[in-house]
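Architecture at a glance
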Amino acid sequence: MPDSNEVREQRIIPVDIESEMKKSFIDYAMSVIADRALPDVRDGLKPVHRRILYAMSLLGFNPDKPHRKCATTVGEVLGKFHPHGDAAVYDSMVRMAQNFSLRYMLVDGHGNFGSVDGDPPAAMRYTESRLSKISMEMLSDINKDTVDFKPNFDEHEMEPVVLPSRFPNLLVNGSSGIAVGMATNIPPHNLGEVIDGIIKIIDEPQTTIDELNKIIKGPDFPTAGIILGKQGIRDAYRTGKGRIVVRAQASIEPWQNNRQRIIVTELPYQVNKARLIEKMADLVKDKRIEGISDLRDESDREGMRIVIELKRDANANVVLNQLYKNTQLQETFSANMLALVQTEDKKFEPRILNLRQTIDHYINHQKEVIVRRTKFELNKAEARAHILEGLKIALDNLDEVINIIRGSKTEPVAKQGLMDRFNLSERQAQAIVDMRLGRLTGLERDKLENEYRELLEKIQYYKDVLANEYLVLKIIKEELTVIKDKFGDERRTQITIDEDEIDIEDMINEEENVITLTHFGYIKRQPTDSYKSQRRGGKGIIGLSTREEDFVENLFTTSTHDFILFFTNKGRVFRKKAYEIPESGRQAKGTAIVNLLQLNPDERVATVIPISEYKEGSYLVMATKNGLVKKTDLMEYDSIRKGGLAAVALKDNDELIDVKLTDGNQDIMLATVKGMSIRFNENDVRSVGRVSQGVKGIDLEEDDYVIGMEVCSENLCLLVVTENGFGKRSELDEYKVQSRAGKGILTYRVTSKTGNLAGVKLVDENDDIMLISSDGTIIRMNVSEISILGRATQGVTLMRMNEGDKVVCVARIVKEEESELEAEGELDVENEAEGENQEEV
């Protein structure tokens, strides 16, 4: 017998402790990372949460069943799937049932599941639970081979690797966890916003993160609160990491004896209310915060309410700011969008994901779920159709089938006889042998035929889905829309401006403005409601006070956030935001344009157009006084220097008169001062570079020149106004499309009484127009009051002119839904009979 010491020595295996520690620690770290602490990007669940939901599903604890003891669920999870402590399972289950922890609860709890004050839940033997309605969408179709399964810890059961997750749970409910050397902290979001973002990406795969941010505005915490600023949100969505500042919802109210009090109704996410109040009390006790006389918690079943009563001489805003600074009334949520991503070799690795990547992984998961479910349904339908084909053969040869079965000694013999005689499969033969006599009736036969036809339609549909990714994406959109309609709700968390990152544009209210530019270069901005709607023939109101002999040349409406392109008579272009134009009173003359634009001494602004956004497929069409036209891609003017940019090349005796924004396929109309016009399609004008000269648009007489250009549109009429205040509308059908560079046709019969043309505009019945005279008088009227007359007629009186006064500008304004202009007391006093009756010339 060998000595026992020798046996022990033989069992000792020498190892290098450094390498063994490295290997063991890496194994432990990967186990924690992949199997405990981090969520899967596809269903947003950690293994313990996935196992809880799956175990409850196996037990049948569905929303339509009574609540069952939590201890039952915990025991099922421990015994079959999760070889850890019962506290770990129960704590995870409790969190899924807390309305202050999850935005959309996955477990429907009954009993004491803790509180926002940090109170612990009751023991699992006292509480009850079941699956919530929305969690059924997480498990939907799990029995249709939609996801992979793997053996459990003792290989006696199978558990899902991931859930089908019919809604984007990772973003919707968020996740937090600490692994080894890394941590995740993903904020919850609004279900409707996230689903709208997914649908946007499916419809437009080129959607950028910034465009997505307009739909998914930011985190939406279950405890509501206020997010300060958007920079942290932008950082989190672009890079996967960002610091989001969340503030409590607090309001200041007057209180008895000329005092004030602060009422807090919402807290930042994951803030313990009881601990917060305790912290406030300590600050008051230590005299670090002055001015608080009483502090109490009035929260109840109806909602949260913390009351902070102030002393009589206390400044409520100062106290509130001190509370924000020193307590968790203002907290920072450090977003770290880390999740497990499955690689091509079916392994998992942790990755920091931006918003677009997170949604793309979810869409790919849903594609796989839909494809696998469709294959399952297809196989099931084909198997059933195969059986029905056999039953149809049996019904068509009923007597012979009966004879074969009756003449067989055993069932296997009968099956073999049927297979040999009718070339059936074993499954078909078994179905025939098992067929009940009741299936032989005529009614049952019709049911069988109908079922077979329906199966063939389903089979074809399933094959179409598998062959067409568009149909797969369509199914994803439809199912997500149903979930949104069923479970979607309003956003709880507000997003406001952070004073430290204020963008000047965020401070400017977006509204429609009228911008005027005079002949001598004075520009100003006014709200559209500065002008009242008048009847045709009125005298108007004074729109601005001009210097002697000055008059308005340009007037248009635009949003304060739009770009304005200023095109000069010398062919240069400048760019400003509308809010950069100084706002002035109605009778103010405005600001000299030379203070805003770097114009040369002999240069003036010829036309201005608003641009809401730069996008591909948009063009600027330009017309010059000498009848030339030019078309250039809008993107050529995306970067304009402060000192201006060359917009068009001009000859010495030519000027730029107008510019229009088009889509490249529209009809263009030019009108001249002597009443001629031409209509041609802009496809006749090829797109050229920014500094090109252009081509001939209309062939002019010696004393004629172009005064206006319009882009034709359906259901509009051409409004023509003369210098002496006459005008009319004409149907566009009277202006046939010609080739460019022609003489054109007559659009207005110019006489000494009417004067030359002052302007042309395309208008519809709902539009208002403004007429501006050279002395600064403005009149606003509805287009429906202006007669529709023939192309070569002279028109009616639109605006009575003072001696020496002339119409110099015509502007088209979209009519407001409800005009408040007439309520301002500046009623037109000259709308009498002669103004209301249309006076034809």
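In every chain, residue numbers begin from 1 and rise along the written sequence. In keeping with the predicted nature of the model, local features appear solely for residues at pLDDT of at least 70, side-chain atom pairs appear and are counted solely at 80 or more, and the whole-chain, interface and lining totals rest on all residues. To obtain the side-chain values, all non-hydrogen atoms of the structure were included, while hydrogens and water were left out.

We apply this condition: UniProt positions are given in the numbering used here, feature names are shortened, and annotations may be inferred rather than shown by experiment.
As annotated in an unreviewed UniProt entry, the chain carries the name DNA gyrase subunit A and comes from Pseudobacteroides cellulosolvens ATCC 35603 = DSM 2933. One UniProt comment on the chain, placed under Sequence similarities (unreviewed entry), says "Belongs to the type II topoisomerase GyrA/ParC subunit family." Word for word, the UniProt comment on the chain under Subunit (unreviewed entry) is "Heterotetramer, composed of two GyrA and two GyrB chains. In the heterotetramer, GyrA contains the active site tyrosine that forms a transient covalent intermediate with DNA, while GyrB binds cofactors and catalyzes ATP hydrolysis."

**Comments concerning the overall build of the chain**
Basically, it comes down to this: Secondary structure elements are taken from DSSP: a helix is a run of H or I of four residues or more, a strand is a run of E of two residues or more, and numbering for both begins at the N terminus. Throughout, a contact is declared for two residues whenever any of their heavy atoms are within 4.5 Å. To be clear on the numbers: accessible area is Shrake-Rupley with a 1.4 Å probe, and residue cover counts the displayed protein chains and nothing else. Positive charge is attributed to Lys and Arg, negative charge to Asp and Glu, and no charge count is given to His or to the chain ends. Every charge is mapped to an atom, namely NZ of Lys, CZ of Arg, CG of Asp or CD of Glu.
On a plain count of helices and strands, the chain comes out with 19 helices and 41 strands. Along the first, second and third principal axes, the C-alpha set of the chain runs to 130 × 95 × 60 Å. Contacts in the chain between residues at least 24 apart in sequence constitute 71% of all its contacts with a sequence separation of at least 6. Of the roughly 41,400 Å² of accessible surface on the chain, 46% is carried by carbon and sulfur atoms. Charge centroids of the chain, computed over 115 positive and 142 negative side chains, lie 3 Å from each other.

**Points about the domain arrangement of the chain**
Spelled out, the test is: What marks off one domain from the next here is an automatic or database domain assignment.
Domain annotation of the chain identifies domain 1 (32-165), domain 2 (249-328) and domain 3 (387-486). With centres defined by C-alpha atoms, the gap from domain 2 to domain 3 works out at 71 Å.

**Some thoughts on the side chain of Glu-159**
The criterion, for reference: N or O atoms within 3.5 Å of each other form a polar contact, as long as, within protein, one can give a hydrogen and the other can take it, and as long as residues adjacent in sequence are counted only when both atoms are side-chain atoms.
Note on placement: Glu-159 falls in strand β5 (residues 158-160). A polar contact is formed between the side chain of Glu-159 and the side chain of Arg-51, at a distance of 2.8 Å. With near-sequence residues (within four places) excluded, Glu-159 lies in contact with Arg-51, Tyr-54, Phe-81, Asp-148, Phe-149, Lys-150, Pro-151 and Asn-152.

**Considerations on the sheet that holds strand β2 (residues 107-110)**
To keep it simple, the criterion reads: When DSSP finds two or more bridges between a pair of strands, those strands are recorded as paired.
In space, the three strands of this open sheet follow the order β1-β3-β2, with antiparallel pairing throughout. Two strands in the sheet have a free side with no partner beyond their single neighbour: β1 (68-69) and β2. When β2 meets strand β3 (residues 128-131), the two strands line up antiparallel, connected through four bridges. Residue pairing across strands places Gly-109 opposite Ser-129, the latter belonging to β3.

**Thoughts on the environment of Ile-289**
Note the cut-off: Burial classes follow relative accessibility: with a 1.4 Å probe on protein chains only, a residue under 20% of its type's maximum area counts as buried, one over 50% as exposed, and anything between as partly exposed.
With respect to the helices and strands, the residue Ile-289 is situated in the loop between α11 (273-285) and β12 (292-297). Note on Ile-289: relative accessible area 2%, which makes it buried. In this structure the C-alpha to C-alpha distance between Ile-289 and Met-21, which are 268 residues apart in sequence, comes to 52 Å.

**Focus: the pairing of strand β35 (residues 726-731)**
Among the six residues of β35, five are classified as buried, and the element is accordingly described as predominantly covered. Looking at chain direction, strand β34 (residues 717-722) and β35 are connected through five bridges and run antiparallel. Across the sheet, Cys-717 pairs through a bridge with Glu-731, a residue of β35. Here β34 folds back onto β35 in antiparallel fashion, the turn holding three residues, of which Gly-725 has a positive phi close to 90°. Of the pairings in the sheet, the one linking β35 to strand β40 (residues 796-797) comprises two bridges and is antiparallel in character.

**Regarding unusual backbone geometry**
Backbone geometry at Asn-258 places phi at a positive 60°, although glycine is not the residue there. By secondary structure assignment, the location of Asn-258 is in the loop between β10 (249-255) and β11 (259-266). Despite not being glycine, Asn-715 shows a phi value in the positive range, around 65°. Take Asn-715: it is sitting in the loop between β33 (706-711) and β34.

**A word on the packing of aromatic side chains**
Note the cut-off: Centre distance within 6.5 Å is the pairing criterion for rings of Phe, Tyr and Trp, where only the six-membered ring of Trp is used; planes under 30 degrees apart are then read as stacked, over 60 as edge-to-face, and the remainder as tilted. A ring has a charge above it when a Lys NZ or an Arg CZ is no more than 6 Å from the ring centre and no more than 35 degrees off the ring normal.
All told, the structure shown has seven aromatic pairs when counted by the stated rule. The interplanar angle of 55° and the centroid separation of 6.0 Å between the aromatic rings of Tyr-461 and Tyr-462 together place this pair among those described as tilted. Where Phe-567 meets Tyr-637, the ring centres are 6.5 Å apart and the plane angle is 70°; that geometry is what we call edge-to-face. On the criterion of sequence distance, the pair formed by Phe-567 in strand β22 (residues 563-568) and Tyr-637 in the loop between β27 (628-633) and β28 (645-646) is long-range, its members being 70 residues apart. Assigned by exposure class, Phe-567 and Tyr-637 land together as buried. Across from the ring centre of Tyr-324, 3.8 Å away, lies the NZ or CZ of Arg-247, which sits over that ring. Directly above the ring of Tyr-705 sits Lys-625, whose terminal nitrogen or CZ lies 4.9 Å from the centroid.

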